[in-house]
Structure formats: C-alpha cells, structure tokens
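Listed below are the residues making up each chain.
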Amino acid sequence: MGGITATYLPREAALETWSRFSWDECASEESAIAGLGLELVRAVAARDPESMRAAGEAWFALRAENGSDDLASMDESALFSLLLAAVGDADWKSIPVIEARYGRGVASSEEGRNVRALLLAMADE
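Reading guide: rules and limits
Residues numbered from 1 in each chain as written. Predicted model: local features only at pLDDT ≥ 70, side-chain atom pairs only at ≥ 80, totals over all residues. Heavy atoms only, no water. Helix = DSSP H or I, 4+ residues; strand = E, 2+ residues; numbered from the N terminus. Expected span 1.5 Å × (residues − 1). Buried < 20%, exposed > 50% of the residue type's maximum accessible area, 1.4 Å probe, protein only. Arc of directions from axis to C-beta. Contact = heavy atoms within 4.5 Å. Axes fitted to C-alpha atoms, helices over the stretch in contact; angles between N-to-C directions. Left-handed = near helix turned anticlockwise from the far one by under 90°.

Mind showing me how you'd approach helix H7 (residues 110-124) here?
Side chains three or four residues apart in an α-helix point the same way, a direct result of the helix having 3.6 residues per turn. Taking 1.5 Å of rise per residue, the 15 residues of H7 would be expected to cover 21 Å, and the 21 Å separating its terminal C-alpha atoms lies within 8% of that figure. Taken together, the buried positions of H7 are Gly112, Arg116, Leu119 and Ala123. Relative to the axis of H7, the buried residues are bounded by an arc of 60 degrees and lie together on one face. For H7, the exposed residues set more than 90 degrees away from the buried face come down to Glu110, Glu111 and Asp124. Close packing links the buried residues of H7 with helix H5 (75-88) and helix H6 (94-103).

Printed below as a string of structure tokens:
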C-alpha cells in the first residue's frame, strides 16, 4: 500500500497520509523493523532526498544483519528510495553505484525492472 500511495499521490497528500503514523517505540525487533519500513514510505512521500537516502541505507544495514526472507518484500522499496534520492539530487552518477551495491539481490516486479533499467540508461547519458 505504501509503495503505491507514496509514489502516485501528490506530495502534499502523500505526506499527510504517511506522516500521521507514529510507531510506539518498544524493545521488540518487529517494531523496529516495522518502524523502519514506515520511515521508508514516509521519506518517499515527503520527496526528501536526504531522508530517502538515510531510510534506504538504514534498511539495507538492517538486512545485512537480518537476512530473513520475510523482510525481502521491502527491499525493492528501499532500493527505490536510494535511487530516487539520487535522482532528486540530480546525482545520476550514483545510480549505477547504488545498483551495484544494493540492487543485485533485490527481486523486482516487471515494472520495477523497467524503471531500474530506465534509470540506468538515463545515468549513462
């Protein structure tokens, strides 16, 4: 749901929708993972490259520690958070670096593969 609404709603509507959530901090690993997942969606909704980069990097740091297949569904969102942060900063040279560092093991939908290929092509120009 977050991946759909955060990218397709106008910035103000997406930010309003995804900023309402608050995640009560507690000691459980599940809540930390859920909170980080929500932060990914919030950062993309805000269209804030710095927040998107930080959330994407934090997600992949978590994944380096916790390789559970249950978390893999958010990997593509984290990758797009990093890629869109680079686009937002007009840092096209980072696109292939991000793909090489984070994208190799990330499963993508056909649409996701097409977007990733397009970004790599645009970075190559």
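Past the structure itself, the notes keep going.
For this particular structure, what's the right way to read unusual backbone geometry?
Comment: phi is negative for the bulk of residues other than glycine, and the bulk of peptide bonds are trans. A positive phi angle, close to 55 degrees, is found at Arg47, a residue other than glycine. Unlike most non-glycine residues, Ala90 shows phi in positive territory, near 55 degrees. With respect to the secondary-structure elements, Ala90 resides in the loop between H5 and H6. Exposure remark for Ala90: the relative accessible area of 55% places this residue in the exposed category.

How should I be thinking about the packing of helix H4 (residues 49-65) against H5 in this particular structure?
Angle between the axes and distance between the axes: these two values describe a pair of packed helices. Across the interface, H4 lies against H5 with an axial gap of 8 Å and an inter-helix angle of 145 degrees. As H4 runs across H5, the sense of the crossing is left-handed. On the side of H4, the interface is formed by Pro49, Met52, Arg53, Gly56, Glu57, Trp59, Phe60 and Arg63, while H5 contributes Asp75, Ala78, Leu79, Ser81, Leu82, Leu84, Ala85, Ala86 and Gly88.

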